[in-house]
Amino acid sequence: MDLKDRIKTLSNQFSEEIIGVRRHLHANPELSFEEYNTANYIREFLGKLPIDQTDEMATTGTVAIIKGKNPDRKIVALRADIDALPILEKNTAPYKSTNEGVMHACGHDVHTSSLLGVAKILCALKNEFEGTVKLIFQPGEEKLPGGASLMIKEGVLTNPSPKSLFGQHVMPLLPAGTVGFRPGMYMASADEIYVTVTGQGGHAAMPETLVDPIVVTAYIITALQQVVSRMASPKIPSVLSFGDIEGKGATNVIPSEVKLKGTFRTLNEEWRMEAHAKMKKMAEGIAESMGATCDFNIMKGYPFLANDEQLTNRSKSWAEEFLGKDKVVDLDIWMAAEDFAFYSHHIDSCFYRLGTRNDAKGITSGVHTPTFDIDESALELGVGLMTWLALKELTI
Ligand SMILES: [Zn+2]
Ligand SMILES: [Zn+2]
């Protein structure tokens, strides 16, 4: 039996167990950087396998090393994120969250269980591949500063240093049984914006004696769109959205303060920094010209995510070999952010998507919604494909 069929047979053989693992994780979700039971579960699972080395990192992170023959020949890394979101689950499945208000609504239970399945297959195939596979179970993807940045600081990309890295993420837009790839720029940087405009509140009937921060803020919101529409190069996607505004006056009271929160996203690091400076200058200038003051703060989030062109192109053709051409699709740029991006600035990376949708079963909800779920048939493919990509990458 060739390697591809060996992997398919093993992923099929382990699929029931991995579905059970996913259900256990789904029922027991934990928030970012608080994944203590999840980490214990992962470590116990790995402890039953002939793993060569297991290290704890960033408190709830785990790194496992599986060596094949000639282990120094090449090292490839695979990453899964393990945290859940502060969402109250509305699904009624028997494996629904038992931790009220916390939910695996981004599929990180799927990523973790898939990678545990990969560990099982790699251990079973230890004598059939050359090189080393490093498995990264990373905490805190959903919360700044991002578990990936902490894992990198603690040396996850060294000792030993992998040559390339794969990350798999669920995608409810794609039907189960399919996967998607995009070489090059894929996801955006995302920064949080916090603005406070301060004026002189008072009776709404006497504006001439006041400085109205509501009107000043309205100008700032409108003017800042110029940064995206006139100052950004049309060749660089940029988004500026404000999703929260608070000015606690009344119909007849002008407040002294307005607070504004938003997000800025783009795909170019130089422009990202330039845009921060332009937004700050513009907001402060408008406030000053109208007699108000503006405190403009940006909390830097994740950088853009760029998939290595060559690695992603060859991975796509390996996926076609594994699944059939019609099951592999091209992805568009997506302006969401993901902390896998940090790795992609250090190492050749490929972040690809695993389809989890099933219209016939009514499984269509997006990630980060209280009704998100997956067609669990996707797990067998998730396990098999990730193993296949790692082993193919080790051969070149
Ligand atoms: Zn998410
Ligand atoms: Zn996610």
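Look a little higher up for the structure.
**Student:** Would you take a moment to explain unusual backbone geometry for this structure?
**Tutor:** Among all residues except glycine, the phi angle is most often negative; among peptide bonds, the trans geometry is most common. The omega torsion across leucine 144 and proline 145 is 5°, close enough to zero to call that bond cis. The topology assignment puts proline 145 in the loop between strand E4 (132-138) and helix H4 (147-153). Put simply, asparagine 159 and proline 160 share a cis peptide bond, and its omega is 0°. With respect to the helices and strands, proline 160 occurs in the loop between H4 and strand E5 (164-175). Residues other than glycine seldom take positive phi values, yet asparagine 70 does so here, at roughly 45°.

**Student:** Can you help me understand the packing of helix H3 (residues 108-124) against helix H9 (residues 377-395) in this one?
**Tutor:** A pair of packed helices is captured by two measures, namely the crossing angle of their axes and the spacing between those axes. Put simply, H3 and H9 touch, their axes get as near as 8 Å, and they point 55° apart. With respect to each other, H3 and H9 are oriented oblique. As for the relative orientation of H3 and H9, their crossing is right-handed in sense. Of the residues in H9, those in contact with Val110, Ser113, Ser114, Leu115, Gly117, Val118, Ile121 and Leu122 of H3 are Leu379, Gly382, Val383, Met386, Thr387 and Leu391. A per-class count over the contact of H3 with H9 returns 9 nonpolar, 5 polar and no charged.

**Student:** When you look at the coordination of the zinc ion (ligand 2) in this model, what are you seeing that I'm missing?
**Tutor:** Protein coordination of the zinc ion (ligand 2) is provided by Cys106 (SG), His108 (NE2) and His169 (NE2), with donor distances spanning 2.1 to 2.4 Å. For the zinc ion (ligand 2), all donor residues lie on one chain, and their spacing in sequence is C-x1-H-x60-H. Separating the zinc ion (ligand 2) from the zinc ion (ligand 1) is a distance of 3.2 Å, and cysteine 106 supplies a donor atom to each of them. For the pair shown, cysteine 106 and histidine 108 are each scored as buried.

**Student:** What's the story with the packing of aromatic side chains in this structure? I'm lost.
**Tutor:** In total, this model carries 6 aromatic pairs according to the counting rule given. These aromatic residues form a ring-pair network of at least three members: Tyr186, Phe340, Tyr343 and Phe351. We note lysine 8 situated over the ring of phenylalanine 322; from NZ or CZ to the ring centre the distance is 4.9 Å.

Calculation notes
- Residues numbered from 1 in each chain as written.
- Chains lettered and ligands numbered in written order.
- Predicted model: local features only at pLDDT ≥ 70, side-chain atom pairs only at ≥ 80, totals over all residues.
- Heavy atoms only, no water.
- Helix = DSSP H or I, 4+ residues; strand = E, 2+ residues; numbered from the N terminus.
- Axes fitted to C-alpha atoms, helices over the stretch in contact; angles between N-to-C directions.
- Parallel < 35°, antiparallel > 145°, perpendicular 65-115°, else oblique.
- Left-handed = near helix turned anticlockwise from the far one by under 90°.
- Contact = heavy atoms within 4.5 Å.
- Nonpolar A, V, L, I, M, F, W, Y, C, P; charged D, E, K, R; others polar.
- Donors = N, O, S within 2.8 Å, 3.2 Å for Na, K, Ca; no water.
- Buried < 20%, exposed > 50% of the residue type's maximum accessible area, 1.4 Å probe, protein only.
- Phe/Tyr/Trp six-rings, centres within 6.5 Å; stacked < 30°, edge-to-face > 60°.
- Lys NZ or Arg CZ within 6 Å of the ring centre and 35° of its normal.

In short, the description is geometric, and any link to function would need to be established separately.
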